[in-house]
Every structure is written in C-alpha cells, then in structure tokens.
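A look at the structure
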Amino acid sequence: MCKRALQYPQVETPPPQPFLKSLKNTLNEILFADDPFGKIRNESKTSKKIELGLRHVFPILEWARGYNLDYLKSDVISGITIASLAIPQGISYAQLANLPPILGLYSSFVPPMVYAIMGSSKDLAVGTVAVASLLTAAMLGKEVSAVENPKLYLHLAFTSTFFAGLMQTCLGLLRLGFLVEILSHAAIIGFMAGAATVVCLQQLKGLLGLSHFTHSTDVVSVLRSIFSQSPVWRWESGLLGCCFLFFLLITKYISKKRPKLFWISAMAPLVSVIFGSLFVYFLHAQFHGIQIIGELKKGINPPSITHLVFTSPYVMLALKTGIITGVLALAVRIAVGRSFAMYKNYNIDGNKEMIAFGMMNIFGSFSSCYLTTGPFSRSAVNYNAGCKTAVSNVVMAVAVAVTLLFLTPLFFYTPLVVLSSIIIAAMLGLVDYEAAMNLWRLDKFDFFVCLSAFLGVVFGTIEIGLILSVGISVLRLLLFVGRPKIYVMGNIQNTEIYRNIEQYPQATTLSSIIILHIDGPIYFANSSYLRDRIGRWIDEEEEKLRKSEENSLQYIILDLSAVGNIDTSGIRMLEEVNKILGRRDLKLVIANPGAELMKKLSKSKFTETIGKDWIHLTVAEAVSACDFMLHTAKPDSPEKISGIPEFNNV
C-alpha cells in the first residue's frame, strides 16, 4: 500500500522481554535512577566492594582521605562563625517550640556530629528552624499544655523527633525521596512566607512583655490577643526590642549589600545577646518589665531514650507531629542542600541525605534534642564563610559543647525581648516578595498555589496551610496528567518540520488532513478527555472546511512523539476513536510512537486493527503517505460498525 509504494521504513516494535527482567528495569528506573551502586557493582574485588560500600554509607570516609590543613583552617573559621549564630538562634527557637531554652543548644551538639559522618553536603549547617519549632508547638500544644504538663510535653517532643527521624530514614532506605517533592516550589514559598508572618506576630508577645498569650496561630487570634492586653504592654520591653531589631536588620542589610562582610550579620545575634545581658545586669532591668531567660542547666546532653512515649493516647499525637514536621523539614533541607551543591558544582544524593537526617534525628531524640534540619540562614553563613567540608559542623558542635559545659550561666540575664528580635529578623528573610512576583509573571496558577498556602497559614493554622500546599500541588499534578495539551500542527514552509500553529502562525495546515499533537502520556485519567478533545478538533475542522467549500477532511494524523506511555484505558480510547472515525469515512494515522507505546499497541493488536502501513516514523512521512493516497486512491475505510456513537456521546 502507501508505505510500500513510497518505500518508508516501518516503525519497529521492540523485542519482548521476560516479565521479571522488565519489572527489574522498571523498578531500577523508579528507585535507582541515579545508579548509586554503579561503582560497587563494577568492582571485581570483594574487599574493594566493601570499602566502596562503607564510603557510600559514610561519606566522611570519602572526603577525609584528601583532607588537609588548609581545609581545616577554613572549616574552623566557618564552624566558629555559624556557632555564633547557632547559639542565640537555638535558644530562641526552643522557646518558640515552648521547650526549655537549653534544648536549642542540645540540638546543636549531637545532630551536627551525626551529620558530619553520614551527610554528603559540604555546605549544609545543621540546627533547629523556626517553622518546624512553631509547627511542633502548634500540634503538640493542642492536646498537651507546655505550662500545665511540661514534662509530658517535653517527652512528646522527643518522641515526635524520633518518629520524624524514623520516617526520614525509611524514605531514604526505600528510595522514596521523590514523595517529599510533592510540595512544589510555589507552595513552599507561600507556606514559608505565611509561617514567617505568624512567627513574627507571635514574637510581639516578647516585644511587648506579655505574660499571657493565645495558643492559636492565625493572625486574627494573635492580633486580638495582643490588642486585648494593651493596658499591660511594657514600653520598656518594646523600646529595647525595637532597638535590637533595628540593629539586626541593619547588619543584614550591610551583609546583603557587601557579601564579603557576611560575618557582620552572622555575629549580630550573639552580639545582641551579649549586650542585652549586660544591659539587664547593670541596670537591673528585670525589675522594670524586662523578662529574662533565667538559669540554664550546665552540662552536655543528658540521655532521653527512656523518656520516649509509646503508649496511648499520646503515641498517635507524637506520630502525626513527627511525620508532618519531618516531611516539612526534608522539603526545606533538600531545596537548601541542592542550592549550595549547585553553586560549588557537586552532587548530593537526596535519598542518602534523608538517611543522614533520619539518623541524626533518631540519635537526637535519644539525647534530649528536638527536630533538626538544615536551616537556610545558617547554611548561607557557612557557605559564605568558606567552609570546605562537614567538619564545620563538628567545629560548631564543639563550640556549643564548650558553651554547655562552661558558659551557660552567662545567659542568665539574657532578655527574652532580644530572642524575639532575633527570631523576627530571621523570619523576615523568609518572606520572599521577589519570588512571589516572579511567580505572578511566569505562571499565574503557581502564584495562586503560593497565595493559597500563604493565606491558609496566616488565616487558618500551620496544618491547614500545609494541607492546602500539598492539596493544591497534587491538584496541579492531576491537572497536568488529566488534561494534557493537544494542539494542531502545521508545516513550516520549505521544510519537513511540523509545529504548533499557535506558536508558529506562519505554519500552514493541509487540505483534507489534520495533524494533532498529544503532549503527554495517555492514562485512564485523561483518556475520556482526549477522546472528546480529538472529536472536537475534528468537528471544528470539518465545519471550517464546509464553510470554505474546500475538500472534505479525510485523514487524522496523531503525533504521539510526546506520549511516553499508555495504559489499557488509553489503548481502548484509541480503538474507540478509530471505530468512530471509520463510521465517518475518516482514516486514523499514527506518527512517531515510542518503544513503550509500540510494545503495548502491538500486544493489544491495535497495530493490526489500524494497519501497520498507517503507522509512520515521522509526521512528514505520515503526511506524504496521506498525500500520496489522496492523489491515487480513497482511504481504506474500515467497515462501518453500527451502534458506535459519535465522539460527544461516547
């Protein structure tokens, strides 16, 4: 027929593979796309395989071999710099989680040591973060009061950290890291901005010297709580807080304008703590409305493994809190780690990082720590300070240990208002206006996702904002799958290239032929839509030809170059389209099907139904074949089958 007459090569069906081999290849592609064990598999010696395996599990064995004195100098400087930021931030964030301030220091000692052994990022600085701290307080505080039952609340914080670490480790071991990426970039921008707004508003409690405050996190409840207590606002606390906040913001501005002066903003929180403590000590400000931290227990982390709560009714609360905070921490950490890895041109394994963070939080829960991850602000300081390896985390941990052993009494007079100022200054950096405006310019739907996440957090709760973020991200994913683009293609003059006529208005369509490009896989979720959409395009084309009194439509070419896969619902859809077109004396032609597509179309006998002569390698070949038939014979119309409805009625 047409193919043989024009001597076009046939589209080949890939040779069949055994089921187990095909399943193995599919699982390898899903779970081991980066081929993490390639070096180990290709090594012949058993001893070498063991060595490579250990280096894979413990990256410290990889980079420690080339470690030198220059690296140590850079890492010591970076470690001390981030320690100056980690100490005041750790104390502040622990208070935000309604936990004893000393836990912020504990959480900056053990977890960084674990990460230095198992982590693969050179730049990530480990520690607590404000958003996870607030989320922990919001979720645990719903059922257990940190004031009325502080011991149980503390133990539940340890338990939720254990569950977070267990979940993170399992995701990494099972190579399911892609599940965390269900939170889109737009959703994370909106969620983090909303959480930062809520955190800043809650710090007005510390700035205004209030003793009682709402447990709700929505903006309406927070503002109501603040203004209902206006008679007891302490102007002394507010004035001191504003002064320190102004100082912190000025230092951040200087460091942003002149990156080489990054150390100014890094040291500013510790300087604020020192001067704030001196101010209180010499002026006895604690007797004039300035609240202070009080005594911090000396000594490194006490064990807490016996304090984990695995009994009802609280185990489910700890499990839910751990999973939600753990997923959020992973999403933020992966984004931060990959950003800095890109700057220094090295790769990090997301699944290995999950295992590292999981083990970090598991060991942390055994040693009086709460949830830790890789905060952006601390990691940025680490990067700018010139860190070379994860040894900077070890140096930070040693500095924190020295503080725990000898320096905690110096924090007795630290005013809470300074900690509130440190938190507000850090949170303002999470409100990324430029990124939101960029979303508006690039993709309105992404901006809607961002805005929904933001409003969900600000006017609802942290959990509502997180659910909205995930829900809308999943909805968009379903829309991409369920409503793939389908458009008409035309010929670029003097070429054999066919492109979207909306993108290339100069492309010309062909009389009696319509070329439709399906831009995505064909699944059960979109097969009905595609069938109806193809029918509509054909109806519109026939109506246009009828009005212009041109030749009637005879061939429908489907360009399947972008269809990477198809399921049984998709195959059934193609069969229905072929039957309906046959009833209307139209011929279906397939162009550029991939290997997976051809394999399934062949197994389903669809290639025999349509005829192998009507399956072409390229759109240009399909057009030539149709044009050849238009000038030599009528299309091979399959026998009309009664009872097959029109497109719109299927």
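Residues numbered from 1 in each chain as written. Predicted model: local features only at pLDDT ≥ 70, side-chain atom pairs only at ≥ 80, totals over all residues. Heavy atoms only, no water.

In the structure shown here, the tally under the stated rule is 14 salt bridges. Here arginine 584 ties to glutamate 542 by a salt bridge, and the two come within 2.7 Å at their closest N and O atoms. Of this pair, arginine 584 sits in the loop between α25 (568-583) and β5 (587-591) while glutamate 542 sits in helix α24 (residues 527-548), placing them 42 residues apart in sequence. Of the two residues examined, arginine 584 and glutamate 542, each falls in the buried class. (Salt bridge = Lys/Arg side-chain N within 4 Å of Asp/Glu carboxyl O. Helix = DSSP H or I, 4+ residues; strand = E, 2+ residues; numbered from the N terminus. Buried < 20%, exposed > 50% of the residue type's maximum accessible area, 1.4 Å probe, protein only.)

Using the residue numbers shown here, the UniProt feature "domain: STAS" (unreviewed entry) corresponds to residues 503-626. Structurally, residues 503-626 is divided into 48% helix and 15% strand, and its ends, taken at the C-alpha atoms, are 25 Å apart. (UniProt positions renumbered as here; feature names shortened; annotations may be inferred.)

The next point concerns the confidence of the model for the protein chain. In this model, the protein chain carries a mean pLDDT of 85, and residues with pLDDT of at least 70 account for 92%. Residue range residues 635-645 is modelled with pLDDT below 50. Its contacts to residues more than four positions away, or to other chains, number 19 contacts. (pLDDT = per-residue confidence, 0-100. Contact = heavy atoms within 4.5 Å.)

Any two packed helices are characterised by the angle at which their axes cross and by the distance between the axes. Where helix α6 (residues 69-96) meets helix α15 (residues 262-283), the axes come as close as 8 Å, and the angle between the chain directions of the two elements is 40°. By the angle between their directions, the pair α6 and α15 is classed as oblique. Along this stretch, α6 crosses α15, giving a crossing that reads as left-handed. Along the contact surface, α6 presents Thr81, Ser84, Leu85 and Pro88, while α15 presents Phe262, Ala266, Met267, Pro269, Leu270 and Val273. (Axes fitted to C-alpha atoms, helices over the stretch in contact; angles between N-to-C directions. Parallel < 35°, antiparallel > 145°, perpendicular 65-115°, else oblique. Left-handed = near helix turned anticlockwise from the far one by under 90°.)

Our next topic: the nonpolar core. Residues Ile91, Leu99, Leu103, Leu156, Phe191 and Met427 are the most contacted members of the largest nonpolar core, which totals 109 residues. When residues in this core are grouped by element, the largest group, 11 residues, is from helix α11 (residues 185-202). In contact with methionine 427, not counting residues within four places along its chain, are Tyr93, Ala130, Ala196, Val199 and Cys200. Of all hydrophobic cores here, the second largest spans 48 residues; its members include Ile513, Val619, Ala620 and Ala622. (Core = buried A, V, L, I, M, F, W, Y, C linked by side-chain atoms within 4.5 Å.)

All right, on to the pairing of strand β3 (residues 513-519) then. Counting buried residues along β3, 6 of its 7 residues qualify, which places the element largely inside the surrounding structure. When strand β1 (residues 485-491) meets β3, the two strands line up antiparallel, connected through 5 bridges. For lysine 485, the partnering residue across the bridge sits in β3 and is aspartate 519. Handedness of the β-α-β unit built from β3, α24 and strand β4 (residues 555-559) comes out right-handed. (Pairing = 2+ DSSP bridges. Right-handed = clockwise from strand over helix to strand, strands pointing away.)

Turning next to the environment of alanine 266. Its location among the elements puts alanine 266 in helix α15. Accessibility expressed as a relative area gives 0% for alanine 266, which makes it buried. Sequence separation between alanine 266 and valine 394 is 128 residues; the distance between their C-alpha atoms is 18 Å. Apart from residues no more than four positions distant in its own chain, alanine 266 is found in contact with Thr81, Ser84, Leu85 and Val381.

This paragraph deals with the packing of α11 against helix α23 (residues 462-482). Where α11 meets α23, the closest approach of the two axes is 10 Å, and the angle between their N-to-C directions is 170°. Viewed along their axes, α11 and α23 adopt a mutual orientation that is roughly antiparallel. In this structure, α11 uses Ala187, Phe191 and Ala195 to contact α23, whose residues at the interface are Ile462, Gly465, Leu466, Ser469 and Ser473. Taken together, the residues of the contact of α11 with α23 break down into 5 nonpolar, 3 polar and no charged. (Nonpolar A, V, L, I, M, F, W, Y, C, P; charged D, E, K, R; others polar.)

Take helix α21 (residues 433-442) next. For α21, the full list of buried residues reads Ala435, Ala436 and Leu439. The buried residues of α21 all sit within an arc of 100° when viewed along its axis, so they share a single face. Opposite the packed face of α21, turned more than 90 degrees from it, sit the exposed residues Tyr433, Glu434 and Arg441. Taken together, the buried residues of α21 touch α11 and α22 (444-459). (Arc of directions from axis to C-beta.)

It is worth spelling out the environment of methionine 192 at this point. Considering the arrangement of structural elements, one finds methionine 192 in helix α11. With 258 residues separating them along the chain, methionine 192 and cysteine 450 place their C-alpha atoms 9.6 Å apart. In this structure, methionine 192 is in contact with Val131, Val332 and Leu430, ignoring residues within four places of it in sequence.

Another aspect to go through is the side chain of glutamate 353. As for its placement among the helices and strands, glutamate 353 is situated in helix α17 (residues 350-365). Polar side-chain contacts of glutamate 353 include one of 2.7 Å to the backbone nitrogen of serine 120. (Polar contact = N/O pair within 3.5 Å; in protein donor to acceptor, adjacent residues only side chain to side chain.)

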